[in-house]
Amino acid sequence: MTEDFLIGTYTNKTSQGIYRVTLENNQLKLPRLAVRLLKPSYLQVGANHLVYTIKKEIDGQKGVAIYELKDEGPANAQLVKEELFNGPSPAYVGLDEKRHLLFGANYHGSRIDVFDLGEDNRDLKRVDSVTHTGKVGPRPEQNIPHVHYADVTPDGRLITCDLGLDLVTVYDILSDGTLKEVSRYQTDPGCGPRHLVFHPDGKTVYLLDELSSELEVLTYDQNTARLERIQILKTIPSTWTKHNGAGAIRISSDGKYLYTSNRGENTIAVFRILLDHTVEHLQSIDTEGDYPRDFNFSQDENFIIAANQNSDSLTLFQRNPNTGKLTLLQAEIPCPEPICVQHY
């Protein structure tokens, strides 16, 4: 089996952009530069290998861009379209190819941007921008509203996480791409919701709270878009007293296992999903690196690749699909400032 992944990075130190890494014979090869650009901190890969990414220019303008990777090497990465603006760049991009839309969660700008991709998904035109306002949480990181996530629900709405407001908001997406708020879910003060995933049944949401290092299990009513909590638990041991920030969350396609990353404890936490969709902790495994900001499955879900931002490294785990548990295969694979892992 051979499979490629794209790694989004910061470019504060030695990174030069987006990197490409190959998984072959149960091992990761050394990453190589795929797209040369500034601050491609998050990305999505669409059909025909179009890459939708965050971008920064030397003059300070920031926004989103589309690249097409024709062949190996940064010289063959062709810029298809970009939409840049003054002010902070998004922290996350969500993709809806069916409706030809791209969503930007702007953490420092406290807003959601919606971009029309055109019929061939190769265009970029901002069609809506919704700014979040309201009472922020009690923690120092919650100085303003911080939209950290914006992506499509299984029933075709947009759902967002606001770390600053301790808020999850659901929007209807109108025919012209504009947003209409439908429901709100308020976490406990200081939780700092960061990312979420849906169970394959489309009726359960697993919400990861960065600041409190907690996992919330929520029911989702597809008629009203209302969210209600049925469980909350820590992603780190009760004995952990040092700083930790929950990072990424993924769910297996069979809906049986859930995974979260812990930046501080530097682990991937594994949870079993029970018949009532609540979870129980199974395992916490060291990533052998510092600050695992993101991770992702291989296509067959037999492997997980973790991106350790502060130690400039990747880690490869083998995953047992029957038990959900992880085994370390390969550690300290050099990769500069990795913070996003996506299939290519």
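Everything that follows concerns the structure shown earlier in this document.
Overview of the structure.

About the cut-offs
Residues numbered from 1 in each chain as written. Predicted model: local features only at pLDDT ≥ 70, side-chain atom pairs only at ≥ 80, totals over all residues. Heavy atoms only, no water. Helix = DSSP H or I, 4+ residues; strand = E, 2+ residues; numbered from the N terminus. Buried < 20%, exposed > 50% of the residue type's maximum accessible area, 1.4 Å probe, protein only. Contact = heavy atoms within 4.5 Å. Areas by Shrake-Rupley, 256 points an atom, 1.4 Å probe, with all protein chains shown as cover. Lys, Arg positive; Asp, Glu negative; His and termini not counted. Charge placed at Lys NZ, Arg CZ, Asp CG, Glu CD. Pairing = 2+ DSSP bridges. Axes fitted to C-alpha atoms, helices over the stretch in contact; angles between N-to-C directions. Salt bridge = Lys/Arg side-chain N within 4 Å of Asp/Glu carboxyl O. Polar contact = N/O pair within 3.5 Å; in protein donor to acceptor, adjacent residues only side chain to side chain. Core = buried A, V, L, I, M, F, W, Y, C linked by side-chain atoms within 4.5 Å. Phe/Tyr/Trp six-rings, centres within 6.5 Å; stacked < 30°, edge-to-face > 60°. Lys NZ or Arg CZ within 6 Å of the ring centre and 35° of its normal.

1. Concerning the overall build of the protein chain
- Broken down by element type, the protein chain carries 0 helices and 29 strands.
- Structurally, the protein chain occupies a C-alpha span of about 50 × 45 × 35 Å along its principal axes.
- The buried share of the protein chain, reckoned over its 344 residues, is 59%.
- Summarising the internal contacts of the protein chain: among those between residues at least 6 apart in sequence, 47% fall at separations of at least 24.
- Accessible area of the protein chain: about 13900 Å², with a carbon and sulfur share of 45%.
- A gap of 2 Å separates the mean positions of the 35 positive and 47 negative side-chain charges of the protein chain.

2. A few points about the sheet that holds strand E26 (residues 303–308)
- The strand order across the open sheet built from 4 strands is E25-E26-E27-E28, with neighbouring strands paired in antiparallel fashion. Unpaired on one side and paired on the other, strand E25 (292–297) and strand E28 (326–334) mark the two borders of the sheet. Adjacent strand axes in the sheet meet at a mean angle of 20°, parallel and antiparallel pairs treated alike.
- The pairing of E25 with E26 spans 5 bridges and is antiparallel. When the sheet's bridge partners are listed, Asn 296 is paired in E26 with Ile 305.

3. Examining the pattern of salt bridges
- Using the criterion set out here, one finds 24 salt bridges in the structure.
- A salt bridge links Asp 113 to Arg 126, with the shortest nitrogen-to-oxygen separation between them at 3.3 Å. Pair noted here: Asp 113 is in strand E11 (residues 111–116) and Arg 126 is in strand E12 (residues 125–131), with a separation of 13 residues, a long-range link.
- On the accessibility criterion, Asp 113 (0% relative accessible area) is buried.
- Look at Arg 126 and you get partly exposed, because its relative accessible area is 31%.
- Across the salt bridge formed by Asp 188 and Arg 229, the nearest N and O atoms sit 3.2 Å from each other. Residue Asp 188 is found in the loop between strand E16 (179–186) and strand E17 (193–198), and its partner Arg 229 is found in strand E20 (residues 227–234); the two are separated by 41 residues along the sequence.
- Connected through shared salt-bridge partners, Asp 4, Arg 20, Arg 32 and Glu 72 make up one network.

4. Focus: the side chain of Arg 250
- Tracing the backbone shows Arg 250 in strand E21 (residues 245–251).
- Its relative accessible area of 16% is what places Arg 250 among the buried residues.
- Here Asp 294 takes part through its side chain, which lies 3.2 Å from a polar atom of the side chain of Arg 250.
- When near neighbours in sequence (up to four residues on either side) are disregarded, Arg 250 contacts Tyr 42, Val 197, Tyr 257, Leu 258, Tyr 259, Asp 294, Phe 295, Asn 296, Phe 297 and Val 341.

5. Considering the sheet that holds strand E10 (residues 101–106)
- Strand order in the open sheet formed by 4 strands is E9-E10-E11-E12, with antiparallel pairing between adjacent strands. What marks the edges here is a single partner per strand, and that holds for strand E9 (92–96) and E12. For this sheet the average axis-to-axis angle between neighbouring strands, irrespective of direction, equals 20°.
- Alignment of E11 against E12, held across 6 bridges, turns out to be antiparallel. Among the inter-strand pairings, Asp 116 is bridged to a residue of E12, identified as Lys 125.

6. Overview of the nonpolar core
- Counting residues in each nonpolar core, the largest one holds 53 residues, and the members touching the most others are Leu 102, Leu 196 and Leu 227.
- At 5 residues, strand E7 (residues 62–69) tops the list of elements feeding residues into this core.
- Residue contacts for Leu 102: discarding those within four places in its chain leaves Tyr 52, Val 64, Val 93, Gly 94, Leu 95, Asp 113, Val 114, Phe 115, Leu 117 and Leu 124.

7. Observations regarding the packing of aromatic side chains
- For the coordinates displayed, the defined rule picks out 4 aromatic pairs.
- Here Phe 198 and Tyr 220 contribute two aromatic rings whose centre-to-centre distance is 5.3 Å and whose plane-to-plane angle is 90°, an arrangement assigned as edge-to-face. Of this pair, Phe 198 sits in strand E17 while Tyr 220 sits in strand E19 (residues 214–220); the two residues are 22 residues apart in sequence, bridging distant segments of the chain.
- The exposure class assigned to Tyr 220 is buried, which follows from its relative accessible area of 4%.
- Through a chain of ring-to-ring contacts, three or more aromatic side chains come together here, namely Tyr 42, Tyr 92 and Tyr 149.
- Over the aromatic face of Phe 85 sits the side chain of Arg 111, whose NZ or CZ is 5.2 Å from the ring centroid.

8. Brief notes about the environment of Val 80
- Its place among the elements puts Val 80 in strand E8 (residues 77–85).
- C-alpha separation for the pair Val 80 and Asp 123, spaced 43 residues apart in sequence, amounts to 7.8 Å.
- With residues near it in sequence (within four places) discarded, Val 80 still touches Leu 50, Ile 66, Tyr 67, Glu 68 and Arg 122.

9. Remarks on the pairing of strand E1 (residues 2–9)
- The element E1 is largely enclosed, with a buried count of 7 among its 8 residues.
- Bridge analysis of E1 against strand E2 (residues 17–24) gives 6 bridges, and the strand direction is antiparallel. Within E2, the residue paired with Leu 6 across the bridge is Arg 20.
- As judged from the 5 bridges shared by E1 and strand E29 (residues 338–343), these two strands associate in the antiparallel manner. Opposite Gly 8, over in E29, you have Cys 340 as the bridge partner.

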